[in-house]
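Overview (structure and organization)
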Amino acid sequence: MNAAKQIMCNRWFHLVKQYNASSMVFSHGCHKRPFSTSRSRMTVMPAWVIDTYGGNDVLRFTRNASFPILNYPNEVIVQVHAAGLNPIDVSMRGGYGASSLSMKRDPLNLNQKGSEFPLVLGRDVSGVVMECGLDVKYFKEGDEVWAAIPPWKQGSLAEFVCLSANEVSLKPKSLSHSAAAALPYVAATAWSALVNTCGLTLENSAEKRILILGGSGGVGTFAIQMLKAWGGHVTVTCSKDAERLVRGLGADHVVDYSAGPVELALGTLEKFDVILDNVGGDTESWALGLLKPWSGAKYVTLVTPFLQNTDLLGVADGMMQTGITVASKALKHLCKGVHYRWGFFIPNGAALDDISEMVDAGKIRAVVEAEFPFSQVPQAFQKVEEGHARGKTVVQVTGGGGDHAGR
């Protein structure tokens, strides 16, 4: 009997040992413990983090950032080769959207204030799949992928990042990781505004007249190319020194906003079917008058007060104020025969699949203005913060000087 018990114990120990090697996560109280494959012993990694909100001085390099774990079976861990920076990264560094994003991270408000720290920024990633959850069917270890990371998740300024498989797409074969990291966030944002909100598609965009206000930044440079690939007629506003760039991307007509009141110059043109506003400010006071009335024409702005409202008023009151604002504006302009909309970034791996095909077909190219090694992330943030972008700022993470970061 004792021998039989010993055999059973040995078998049980062997089964437990095998089980611990599988890619799963168990919770014990408040602590999660990873059970992964070859990287199960990795607990820390290099990353740039912030421990409080503020200026560029809050960026801190560490070699002891927590290694990501698979919390759900549909997730993947990606080794970051390159990360793209966007204006939202600069805004988030300063605390923009902290209330709403904290609610998204912790909907039941179980954690203490400031539990999001240390926070890793960076919304764009291009890299290689290192580990897959049990339900991931369309990716495998070693796949080169790209993704736009939702702002409530830890970002790409780290050696590894954990993402939902629904947010990930196979990287275009024709692009390097550095070039690929320039596209996902702006592509997903433009897709959300122009496709999901305005209803533009390959089939219905031919001969549509589209105005892009602020066409030389990341979203603008992508939107020009996508709309031209779909046969649209694209007018762009930008400064004189960006005209060559946007014309090279396919813009049919360019208006220099520094040459005089841009609304007067645009007012002399044929009216538009769609306006994409990347500028905000007082543009709403005149831009909707440039649309074709009573024809289903739409104005969509990416500069909205949603997160600012929740930061100032709290989540509940902020959302109420936001609803009142957008509803009143939509009704006001609907009475004039045009549609007023807000556009938001939405992570969309399926859209990136389509965009990847367009890139490999030569219809869209990455517009990279500046590249920085991993050791110079603060300098990269400073570049983005200066504004007047002519494309994207990219950080090389793996093989990009990370070994010297912080020295």
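Below is a short write-up of the structure. (Residues numbered from 1 in each chain as written. Predicted model: local features only at pLDDT ≥ 70, side-chain atom pairs only at ≥ 80, totals over all residues. Heavy atoms only, no water.)

**A word on the pattern of salt bridges**
Heads up, the condition is: A carboxyl oxygen of Asp or Glu within 4 Å of a side-chain nitrogen of Lys or Arg is what we treat as a salt bridge. Segments assigned H or I by DSSP are reported as helices when at least four residues long, segments assigned E as strands when at least two residues long, and all are numbered from the N terminus. Three labels apply to residues, based on accessible area from a 1.4 Å probe with only protein chains included: buried if under 20% of the type maximum, exposed if over 50%, partly exposed otherwise in between.
Using the criterion set out here, one finds 14 salt bridges in the structure. A salt bridge links Arg-123 to Asp-89; the nearest nitrogen and oxygen atoms lie 3.6 Å apart. Pair noted here: Arg-123 is in the loop between helix H3 (98-105) and strand E6 (124-132) and Asp-89 is in helix H2 (residues 87-93), with a separation of 34 residues, a long-range link. On the basis of relative accessible area, Asp-89 is assigned to the buried category, the value being 0%. Close ionic contact of Asp-252 with Lys-228 constitutes a salt bridge, the shortest N to O distance being 2.9 Å.

**Here's the deal with unusual backbone geometry**
Omega for the bond connecting Phe-117 with Pro-118 falls within 30 degrees of zero, at -5°, which places this linkage in the cis form. Here Pro-118 lies in the loop between H3 and E6. With a phi angle near 70°, Glu-207 is a residue other than glycine that sits in the positive phi range. Topologically, Glu-207 is positioned in the loop between helix H5 (184-197) and strand E10 (209-213).

**Quick look at the sheet that holds strand E15 (residues 339-342)**
Keep this limit in mind: A pair of strands is treated as paired once DSSP finds two or more bridges between them. The convention used is that axes are lines fitted to C-alpha atoms, helices contributing only their stretch in contact, and that angles between N-to-C directions extend from 0 to 180 degrees.
Spatial ordering of the open sheet is given by E12-E11-E10-E13-E14-E15, a layout of six strands whose pairing is parallel. Each of the sheet's edge strands pairs with one partner strand only, and the pair in question is strand E12 (253-256) and E15. On average, adjacent strands in this sheet sit at an angle of 15° to one another, irrespective of strand direction. Pairing analysis gives five bridges linking E10 to strand E11 (residues 233-238), with the strands arranged parallel. Its bridge partner being in E11, Ile-212 is matched across the sheet by Val-236.

**What to know about the packing of aromatic side chains**
The test is simple: Whether two aromatic rings pair depends on their centres lying within 6.5 Å, for rings of Phe, Tyr and Trp, where Trp uses its six-membered ring; planes under 30 degrees apart make the pair stacked, over 60 edge-to-face, and the rest tilted. Whether a charge sits over a ring depends on NZ of Lys or CZ of Arg being within 6 Å of the ring centre and within 35 degrees of the ring normal.
Taken as a whole and judged by the stated rule, the model has eight aromatic pairs. With 6.4 Å between their ring centres and 75° between their planes, Trp-342 and Phe-344 make a pair best called edge-to-face. Clustering of aromatic rings is evident, with ring pairs tying together Trp-48, Phe-61 and Phe-374. Above the face of the Trp-152 ring, Lys-104 is positioned so that its terminal group lies 4.9 Å from the ring centre.

**Regarding the packing of H5 against helix H12 (residues 349-360)**
Between two packed helices, what matters for the description is the angle formed by their axes and the separation of those axes. Where we set the bar: The scheme is simple: roughly parallel for angles under 35 degrees, roughly antiparallel for over 145, roughly perpendicular for 65 to 115, oblique for anything else. Residue contacts are defined here by distance: any two heavy atoms, one from each residue, within 4.5 Å place the two residues in contact. Ten residues, namely Ala, Val, Leu, Ile, Met, Phe, Trp, Tyr, Cys and Pro, are considered nonpolar, four, namely Asp, Glu, Lys and Arg, are considered charged, and the remaining ones, Gly among them, are considered polar.
Their axes nearest at 10 Å, the elements H5 and H12 cross at an angle of 105°. On the basis of their axis angle, the class for H5 and H12 is roughly perpendicular. Two secondary-structure elements touch here, H5 through Pro-184, Ala-187 and Trp-191 and H12 through Ala-351, Leu-352, Asp-354 and Ile-355. Class assignment for the residues of the contact of H5 with H12 results in six nonpolar, no polar and one charged.

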